[in-house]
Amino acid sequence: MSTSLLDKADPPAQQAPPEERRQRRNLTPWVLLLPGLLWLVLFFLVPILTSVSASVQTGNFDDGFKLTWHWANFVDAVKPYWRQYLHSGIFSVATTVLCLALGYPVAYFIAFKGGKWKSLLMALVIVPSFTSFLIRTIAWKTILADNGSVVRVLNDLHILTVTSKLGITVGTHVLASPGAVVCGMVYNFLPFMILPLYTSLEKIDPRLLEAGNDLYCSTFQTWRRITLPLSMPGVIGGTLLTFIPAVGDYVNAQLLGNASTGVVGQSIENLFLRKTDGYPVGSAMSVIMMVGTLVLVMMYIRKAGTEDLI
Amino acid sequence: MSSTDVLGRTEGGDLRLAGLTKRFGAFTAVDSLDLTIPQGSFFALLGASGCGKTTTLRMVSGLEDPTAGQIFLGDQDVTDAKPYRRPVNTVFQNYALFPHLDIFENVAFGLRRRGFKSVKPQVETMLELVELGHLAKRKPTQLSGGQQQRIALARALINQPQVLLLDEPLGALDLKLRRQMQIELKRIQTEVGLTFVHVTHDQEEAMTMADTIAVMNQGRIEQLGSPAELYENPATTFVANFLGQSNLIPGTVETATDDVVTVSAYGRRLTLDAGRCRSVSGKVILGVRPEKVQLAAAEADVPSGRNVLSGTVSDTSFIGVSTQYLVKLPSGEELSVFEQNTGREIQRPGAEVFVYWDPSQGFGLDGDQDIEAGAALDEEGAA
């Protein structure tokens, strides 16, 4: 059908015959995609399928695992661990909200008032990440230590009395409490909030803010009506980049928490590494976390209506 | 309408600037400006970039705080009022339309912020005025430059400000669209009868639209007047060069009566009306616009009573509607001559000619100023 069209087009002699040329052209995108596709298949698709299949298997290390479509694994993955799901949820939401509350003013300040210092200030935000995640988290043990100045000041001001009543800290200590876990998580994920926020705030034309000011908006109104809506892509990007890793994080809970701050990640680790028959339930928990996060994120994006902003 | 409304807007309010000054560090952008802009006028602040015109505008809108001086709207001092509390709106240079809002909401923005409940009729009327009612649901990025410009105008106008400030509003448009918008703006201004303060570096734009033009240079106003006044009777070499083209001839006053001033220049005697001469003794600069000058092949062809200089044609450009000549005087200076295409013979480069003009068409300036002032700036502005 298209041959007749091509005949009429009278292709120059030095070019390959139309049929061959078209085939080559059709292959090029696939060749370019191949390395990426292989990578994804090997390190994303295969592990996911393995996890999903493991979640409905039964068995142990000695006898091996068999696919028995044992859906009851999912019941075992929820019932004894509801506290861990609750903790993961609370910690990650608290972390995301706190990161947003702390990160937005920082990003705003750097983007609008940073001037020639912008790059340096952004570097300062990122530089701490050059140190290992683990070391930075362990450093918080020193910062929040019982004989450290932070705890002393908080005690002197009787803040810990209040926070301990609220269940954020424990007695006169900060370490080994939900508060310490969230502190560590906020610290670790803050750059992931600031970066996208900064990018979207920095793109805002300051003349738009002047226009808002000119059109009867006070400073706050200008922020509410112009800056905030225009920075929504950054808010959404930042909250996702914070929330998604925060849900799965268990290093902070492990290092800065206590026995009653366990999160899902810790339970999965226990099931995988310390129990001979823990694979199926552990996998089921992983699947629940993945699907749960995916659904939440999709609902969030739908609600935030990003397509209008990008 | 009541005499004062929620925004403190009063009827019969001229915009008055008193000793308005703005310094940025050691640089004085606006230097003790005194200016009264009558209500309902179309006023242009004309000057090259960096002359302080935009800074003046921003001080009026409240986006910039003056270093000294006061701004009055009517009898109200608004110098320290926040921008959102002034009955003044701006059409920004690059429109600054809100990209997250559609056209309707962009136009409705000011009314909504002031708590108006029903905005639909006003927005529709305003979109009708700028002839873009059919684009209400579009986003600003989906509009062409000219359309965005008109929306920016509608967004400001809908608030019925006492003064509308236009900051080079046509700068981003191409020439044809700019011409069209100039006419449009003038039409809208006449229709709504508000005070328009228009900042521009384009002298043609200022002349086309404004009732009154203030030519600004280095933070000060060089001259203020109607376009015709400025063009026919420039007060300084800067205005003479910046506003259109001028032939400026340095000379010395020989005699001066109440009616006529005689000047000697290039060994010839030239005369001009005493009323159009700003200096009647010592060194003067005699100016004449190129289109007022004519060419003759022989001195005998020159009508009597004209100022005459002789020279050689050094360049001829046939434009169609006119022919532009450069005539080199024996002293080396060049005069430009625009001759309308009336079917006369075209002089080729190299031809010996006499240039002449009616003495009443010349103007005289104080001889103690830079004869080139503003000439380069105009070229820059036109480019």
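Residues numbered from 1 in each chain as written. Chains lettered and ligands numbered in written order. Predicted model: local features only at pLDDT ≥ 70, side-chain atom pairs only at ≥ 80, totals over all residues. Heavy atoms only, no water.

In terms of helices and strands, chain B carries 9 helices and 20 strands. Considering only C-alpha atoms, chain B reaches an extent of 80 × 45 × 40 Å along its principal axes. For chain B, long-range pairs separated by at least 24 residues make up 67% of all intrachain contacts whose partners lie at least 6 apart in sequence. Of the accessible surface of chain B, which amounts to about 16,600 Å², a share of 48% is contributed by carbon and sulfur atoms. In chain B, the 36 positive side-chain charges and the 48 negative ones have mean positions that sit 9 Å from each other. (Helix = DSSP H or I, 4+ residues; strand = E, 2+ residues; numbered from the N terminus. Contact = heavy atoms within 4.5 Å. Areas by Shrake-Rupley, 256 points an atom, 1.4 Å probe, with all protein chains shown as cover. Lys, Arg positive; Asp, Glu negative; His and termini not counted. Charge placed at Lys NZ, Arg CZ, Asp CG, Glu CD.)

Looking now at the nonpolar core. V107 and L157 of chain B are the most contacted members of the largest nonpolar core, which has 49 residues in total. Each residue touching L157 of chain B, except ones within four places of it in the same chain, is listed here: M126, L129, L164, I188, V192, L194 and F196 of chain B. Of all hydrophobic cores here, the second largest spans 37 residues; its members include F91, V181, M193 and C217 of chain A. (Core = buried A, V, L, I, M, F, W, Y, C linked by side-chain atoms within 4.5 Å. Buried < 20%, exposed > 50% of the residue type's maximum accessible area, 1.4 Å probe, protein only.)

Residue and element names in this part refer to chain A. On average, residues of chain A score 89 in pLDDT, and 90% of them reach the 70 mark or higher. Helix α1 (residues 2-9) is the least confidently modelled element of chain A, averaging 44 in pLDDT, while helix α4 (residues 82-113) averages 96, the highest of any element. Throughout residues 1-13 the model reports pLDDT below 50, and contacts reaching past four residues in sequence, or to other chains, amount to 5 contacts. (pLDDT = per-residue confidence, 0-100.)

Residues and elements named next belong to chain A. Under the counting rule described, the total for this entry stands at 15 aromatic pairs over all chains. Aromatic pair F272 and Y279: ring centres 4.8 Å apart, planes at 40 degrees, arrangement tilted. On the basis of relative accessible area, F272 is assigned to the partly exposed category, the value being 25%. Y279 gets classed as partly exposed once you look at its relative accessible area, which sits at 31%. (Phe/Tyr/Trp six-rings, centres within 6.5 Å; stacked < 30°, edge-to-face > 60°.)

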